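This is what each chain is made of:
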Amino acid sequence: MKTVAVIAEFNPFHNGHKYILEKAKKETNADNLLVIMSGDFVQRGAPAFLDKFSRTNAALNSGADLILELPIYYSLGSAEYFAQGAVSILDRLGIVNDLFFGSECDDISLLSDIADILANEPADFKYMLKDKLRSGDSFALAREKAVLQALHTDDPRVKDILSSPNNILALEYLKALKKLNSSIKPHSIKRLGSDYNSKELSDMPSATAIRSYLAENNKIVQDELKKMVPVSSFDSIIDYDGQFGNTENFTNLLYYKLFQSREKGLLEYLDINEELSNKILDASETLMSFDELCIKCKSKNMAYSRISRSLMHIILDMKASNMDEYKADGYTGYARILGMKKEVSPCIKEIKNIGNIKIFTQLKEAPDQLSDLEMRLLNETLFANKLYSLEFKGKNINEYRLQPTIL
């Protein structure tokens, strides 16, 4: 059987996501479409807008055949960790032939050339990067100049590739595949509709636009929403049992954690260096919202999303030392099924026969299969999911009692 994969957040699932799923399956004539999906927290440093099971249901009803959960250290990690964590799972499954991803650039050859440079860092690239940083350029500008030098080109697309969110993720997917020497073939699909951060409403808006629309409208105009998302996602949103995820709900918990850390600092937490630790602790001397604290700490070389992720790492007690151990162990040795179609059962059997990963549909199967380290990663993910459920669904959900979505 031929299996094609997509890595996604579906936050929430919209028409652009459906387009990628349909195109991936059609172009490869695949039997199965597998998705590695973020759980209840996403890469921009925030809780997911809808819980993972609502998004799983929407995706299964719009073309996906199997949904696997991306553990918390990768779903809430930098673009590099997000990609490495997801691609490591795909590669260890042993059945994935192709990986599709949306990007602002559909020139897979150019993307691959840039990824080669960033992954291997040839001498001329490193020299130019250091030279431009010494001369006062920001890291982004210095890297752009160094890449152009290494490619021996002045192609204006390079700047867009190195600065556009989906292009950056595309580069990280390619880097991850190269580092693993994976046989999975990458494909880039040009993004349609609104830009990643655009709040413009259209038939193919960004997830940002949909989240903003839903958050700002107490009464959802259903006719407008139907234009933005597929039927399956529309039903999930209208019938949603809970509050839409947002960072502001975590403000009090964040300050509690910061008060605990005031003397020892924040360096133990993932993605936090001394500069950012000092910035966060200094800024938090004044009580402000989660969003205001991110803005206060933001700088030329410190993006809002980096700060938001770091604050979430503090809240969820995600440690840099733990990430080092997970990386050394190949990122993750398990795959948890969030949802599947009945017809995909032979695919699961094939993974169990030829894959280099433990795969399970029910959590009760995990303790007997996983190593202590893998079990710790799973428990950290479950802790994050429980906090999400308490905050946005008002329920203390025990996921060991839950069944995956099966259609």
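Residues numbered from 1 in each chain as written. Predicted model: local features only at pLDDT ≥ 70, side-chain atom pairs only at ≥ 80, totals over all residues. Heavy atoms only, no water.

**Some thoughts on helix H17 (residues 320-328)**
Three- or four-residue spacings in an α-helix give side chains the same orientation, since the helix completes a turn every 3.6 residues.
Step number 1: Buried within H17 we find Asn322, Met323 and Tyr326. Across the axial projection of H17, the buried residues extend over an arc of 100 degrees, all falling on one side.
Step number 2: Lining the buried residues of H17 we find helix H3 (72-75), helix H4 (79-93) and helix H20 (372-393).
Step number 3: Just beyond H17, the residue with positive phi is glycine 330, at close to 85 degrees. (Buried < 20%, exposed > 50% of the residue type's maximum accessible area, 1.4 Å probe, protein only. Helix = DSSP H or I, 4+ residues; strand = E, 2+ residues; numbered from the N terminus. Arc of directions from axis to C-beta. Contact = heavy atoms within 4.5 Å.)

**Description of the packing of helix H5 (residues 108-120) against helix H9 (residues 165-179)**
Step number 1: Taken N-terminus to C-terminus, the directions of H5 and H9 make an angle of 65 degrees; their axes are 9 Å apart at the nearest point. The angle between H5 and H9 places the two elements in the roughly perpendicular class. Crossing hand, H5 versus H9: right-handed. Counting all contacts with H5, which are made through Ile108, Leu111, Ser112, Ile114, Ala115, Asp116, Leu118 and Ala119, the residues of H9 involved are Asn167, Ala170, Leu171, Leu174, Lys175 and Lys178.
Step number 2: Tallied by class, residues from the contact of H5 with H9 come to nine nonpolar, two polar and three charged. (Axes fitted to C-alpha atoms, helices over the stretch in contact; angles between N-to-C directions. Parallel < 35°, antiparallel > 145°, perpendicular 65-115°, else oblique. Left-handed = near helix turned anticlockwise from the far one by under 90°. Nonpolar A, V, L, I, M, F, W, Y, C, P; charged D, E, K, R; others polar.)

**Overview of empty space enclosed by the protein**
Step number 1: In the structure shown here, the tally under the stated rule is four cavities of 30 Å³ or more.
Step number 2: In this structure, the largest cavity is lined by Leu118, Arg143, Ile161, Leu162, Ile168, Leu171 and Glu172.
Step number 3: Listed by contribution, the elements that provide at least two residues to the lining of the largest cavity are helix H8 (157-163) and H9.
Step number 4: Considering each element in turn, the lining of the largest cavity owes the most residues, three residues, to H9.
Step number 5: In terms of residue class, the lining of the largest cavity is made up of five nonpolar, no polar and two charged. (1 Å grid on protein atoms, 1.4 Å probe; cavity = no way out; pocket = protein on both sides within 12 Å on 5 of 7 lines; lining within 4 Å. Points joined across faces, edges and corners; volume = space filled by probe spheres on them.)

**As for the pattern of salt bridges**
Step number 1: Taken as a whole, this structure holds 27 salt bridges when the rule is applied.
Step number 2: Note that lysine 52 and aspartate 40 form a salt bridge whose closest N and O atoms lie 3.7 Å from each other. A residue pair is termed long-range when its members are at least 10 positions apart, and lysine 52 in helix H2 (residues 52-60) and aspartate 40 in the loop between strand S2 (32-38) and strand S3 (41-42) qualify at twelve residues.
Step number 3: Judged by relative accessible area, lysine 52 falls into the buried class, the value being 1%.
Step number 4: Across the pair arginine 336 and glutamate 399 runs a salt bridge, and its minimum N-O distance is 2.6 Å. (Salt bridge = Lys/Arg side-chain N within 4 Å of Asp/Glu carboxyl O.)

**Topic: the packing of aromatic side chains**
Step number 1: Throughout the structure, instances matching the rule amount to twelve aromatic pairs.
Step number 2: For the ring pair phenylalanine 41 and phenylalanine 250, a centre distance of 6.1 Å and an interplane angle of 40 degrees mean the geometry is tilted. In this pair, phenylalanine 41 is assigned in strand S3 and phenylalanine 250 in the loop between helix H12 (231-238) and helix H13 (251-261), connecting sequence segments 209 residues apart.
Step number 3: In this structure phenylalanine 250 comes out as buried when scored by relative accessible area, which is 1%. (Phe/Tyr/Trp six-rings, centres within 6.5 Å; stacked < 30°, edge-to-face > 60°.)

By themselves, these figures tell us nothing about what the structure is for.
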